[in-house]
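# Analysis of the macromolecular model
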Amino acid sequence: MALNLNKNLKLYYSIKEVAEMFELNESTLRYWEQEFPFLKPKTTGPAKVRQYQEKDIEQIRLIHNLVKVRGFKLAAARKILTQNRNGADKRADVMESLMSVRADLQALKKQLDSLV
C-alpha cells in the first residue's frame, strides 16, 4: 500500500486556527455559525470545543468570499448560498485565482522595479 503524500493529515482544526486562516476574529466565526445553518462544526466535550473539518472550512471560505471580499450583507450571502450554491462556488474559485495572479504580478513588478 503506497503512502499518499498529498493527503492532508490533519482532520480537525480549532476555531483559533480557522480564524487565523481567514484573518477573522473567533467571535465572527461563532456569529456566522448562528447566521448560516449549514455551518455546523463538530463539538466535543462538556466545553463544546469546536472542531472544524475541511468541509466546514470550505463553507467558511465561501462565506468569507461573499461577505468580506465581495461586500455582501449576511442576508444576501445566505440567500446566494441557499439558492445558487454552485454559482457561488465557481465565483469564489475564480476570485481566489484572480487574487493569486494579482499577488504574483505585484511581486513580479517589485522585482522589475528593483532592477531599474
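Residues numbered from 1 in each chain as written. Predicted model: local features only at pLDDT ≥ 70, side-chain atom pairs only at ≥ 80, totals over all residues. Heavy atoms only, no water.

## Here's the deal with helix 2 (residues 26-35)
Heads up, the condition is: Working definition: with a 1.4 Å probe on protein chains only, accessible area under 20% of the residue-type maximum means buried, over 50% means exposed, and in between means partly exposed. Helix and strand assignments come from DSSP, with helices taken as H or I runs of at least 4 residues and strands as E runs of at least 2, each series counted from the N terminus. Directions drawn from the helix axis to the C-beta atoms are what define this arc. Contacts were defined at the residue level, with two residues in contact if any of their heavy atoms lie within 4.5 Å.
When we look at burial in helix 2, the residues that qualify are Thr28, Leu29, Trp32 and Glu33. Within helix 2, the buried residues cover an arc of 145 degrees as seen down the axis, which keeps them to one side. Buried residues in helix 2 make contact with helix 1 (15-22), strand 2 (49-51), helix 3 (54-69) and helix 4 (74-83).

## Here's the deal with unusual backbone geometry
Even without a glycine there, the phi angle at glutamate 23 is positive, about 55 degrees. Note on placement: glutamate 23 falls in the loop between helix 1 and helix 2. Taking relative accessible area as the criterion, glutamate 23 reaches 75% and is therefore assigned exposed. The phi dihedral of lysine 48 falls on the positive side, at around 55 degrees, and the residue is not glycine.

## Quick look at the packing of helix 1 against helix 3
Note the following rule: Angles run from 0 to 180 degrees between N-to-C directions of axes, and those axes are lines fitted to C-alpha atoms, restricted for helices to the stretch in contact. By definition, turning the near helix anticlockwise from the far helix through less than a right angle yields a left-handed crossing, and turning it clockwise yields a right-handed one. The nonpolar class holds Ala, Val, Leu, Ile, Met, Phe, Trp, Tyr, Cys and Pro. Asp, Glu, Lys and Arg form the charged class, and all remaining residues, Gly among them, are polar.
Direction vectors running N to C along helix 1 and helix 3 enclose 35 degrees, while the axes themselves pass 11 Å from each other. Crossing geometry of helix 1 relative to helix 3 is assigned as right-handed. Contact residues: helix 1 offers Val18, Met21 and Phe22, while helix 3 offers Ile57, Ile60, Arg61 and His64. Class assignment for the residues of the contact of helix 1 with helix 3 results in 5 nonpolar, 1 polar and 1 charged.

## Topic: the nonpolar core
The line we're drawing: As used in this record, nonpolar core signifies buried Ala, Val, Leu, Ile, Met, Phe, Trp, Tyr and Cys residues forming a set joined through side-chain atoms within 4.5 Å.
Counting 20 residues, the largest nonpolar core has Val18, Leu29, Trp32, Phe36, Tyr52, Ile60 and Ile63 as its most contacted members. Considering every element that reaches this core, the biggest residue donor is helix 3, with 6 residues. Setting aside its immediate chain neighbours within four residues, tryptophan 32 contacts Leu24, Leu39, Ile60, Ile63, His64, Val67, Lys68 and Leu74.

## A closer look at the side chain of aspartate 56
Threshold: Polar contact criterion, stated in full: a pair of N or O atoms within 3.5 Å, where within protein one must be able to donate a hydrogen and the other to accept it, and residues adjacent in sequence count only if both atoms are side-chain atoms.
Position of aspartate 56 relative to the elements: it lies in helix 3. The exposure class of aspartate 56 is buried, given its relative accessible area of 3%. Within the structure, the side chain of aspartate 56 is placed 3.0 Å from the backbone nitrogen of glutamine 53, a separation counted as a polar contact. Not counting chain neighbours up to four residues away, the residues in contact with aspartate 56 comprise Leu39, Lys40, Pro41 and Gln51.

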